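Below are the chains, spelled out letter by letter.
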Amino acid sequence: RVMEIKRVTADAAALLDPANAIWQQAAGQDFPMVPTPLKGNPAIEAISPFIAQSTDHGVIHGLSVAGLHNGKVLALRLSWASDRHDKIADLDQFVDGVAVMFPLTAKASAVTMGSPGEPVNAWYWKADKADQPFDVVAEGYGTSTRRPGKDAQLSSKAIHKDGRWHVVLERPLKVGNQYAQFEPGTPTKLAFGIWSGGNRERAGRKSFSGDFTLVPVA
């Protein structure tokens, strides 16, 4: 299947609900996920020599993604297998997470999280803050600025059912200039990252989808 962000007749509340029947109308796509390359990366080593030596991350191998919009808001539904890790009770525990990334310039790279002068914008969800997503902008490894999702009118809602997370991230098509913009009839580029809390994944220790994929917006 090839993903397309279809236009539907539904309000923002319906699109935000991962269990709503409206999602049966979506044309989704399964994205293979691979471990983020860390070892031998000078940028990663400069930030965290420990993380740069990681070889046991990236245990989640697949992500199902669907998108819908109603002409005002765009929603992405992200689903993957997980034993569910959404609480932190000790310093060596971490939670599940997922992010979707968009380029803010034509040459921005998802693999490096952007570069100087070529920024990326991301929507970041953490299981312990399920309805408080973050909006992120970066120009390369170690440059991420995490902003409250509400500043970008970004919303999220999640359910865990039958051994899978189902997370919806939703935002108006257009907000300020420092955020990704969407236009019906114009395709958008997407890339994804997933963190398995049970595998102590955080920061660069994650699975990712590689560079951006071009997705039609109906």
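Residues numbered from 1 in each chain as written. Predicted model: local features only at pLDDT ≥ 70, side-chain atom pairs only at ≥ 80, totals over all residues. Heavy atoms only, no water.

> Explain the overall build of the protein chain to me, and be specific about the residues and the numbers.
A tally of helices and strands in the protein chain yields three helices and 14 strands. Rg of the C-alpha trace for the protein chain: 16 Å, near the compact-globule value of 17 Å for 218 residues, within the 12% margin. By its C-alpha atoms, the protein chain is 50 × 40 × 35 Å across when sized along the principal axes. Looking at the protein chain as a whole, 51% of its 218 residues qualify as buried. Counting only contacts in the protein chain whose residues sit at least 6 apart along the sequence, the fraction spanning at least 24 positions is 64%. Surface summary for the protein chain: the accessible area is close to 10300 Å², and the carbon and sulfur share equals 52%. In the protein chain, the 24 positive side-chain charges and the 22 negative ones have mean positions that sit 2 Å from each other. (Helix = DSSP H or I, 4+ residues; strand = E, 2+ residues; numbered from the N terminus. Rg over C-alpha atoms; globule rule 2.2 N^0.38 Å. Buried < 20%, exposed > 50% of the residue type's maximum accessible area, 1.4 Å probe, protein only. Contact = heavy atoms within 4.5 Å. Areas by Shrake-Rupley, 256 points an atom, 1.4 Å probe, with all protein chains shown as cover. Lys, Arg positive; Asp, Glu negative; His and termini not counted. Charge placed at Lys NZ, Arg CZ, Asp CG, Glu CD.)

> Break down the nonpolar core for me, with residues and values.
Judged by nonpolar contacts, the single largest core of 30 residues is most densely connected at Leu76, Leu78, Trp80, Trp123 and Phe192. Among the elements that line this core, the one with the most residues is strand 5 (residues 73–81), at four residues. In this structure, Leu76 is in contact with Met3, Ile5, Trp23, Ala66, Gly67, Val100, Phe102, Trp123, Val167, Val168, Leu169 and Leu190, ignoring residues within four places of it in sequence. (Core = buried A, V, L, I, M, F, W, Y, C linked by side-chain atoms within 4.5 Å.)

> How would you explain unusual backbone geometry if you had to name every residue and give the values?
Unlike most non-glycine residues, Met113 shows phi in positive territory, near 55 degrees. Within the secondary structure layout, Met113 lies in the loop between strand 6 (97–103) and strand 7 (120–126). Positioned with a positive phi, Gln153 is a non-glycine residue whose angle comes to about 60 degrees. For Gln153, the position within the fold is in the loop between strand 9 (145–148) and strand 10 (155–161).

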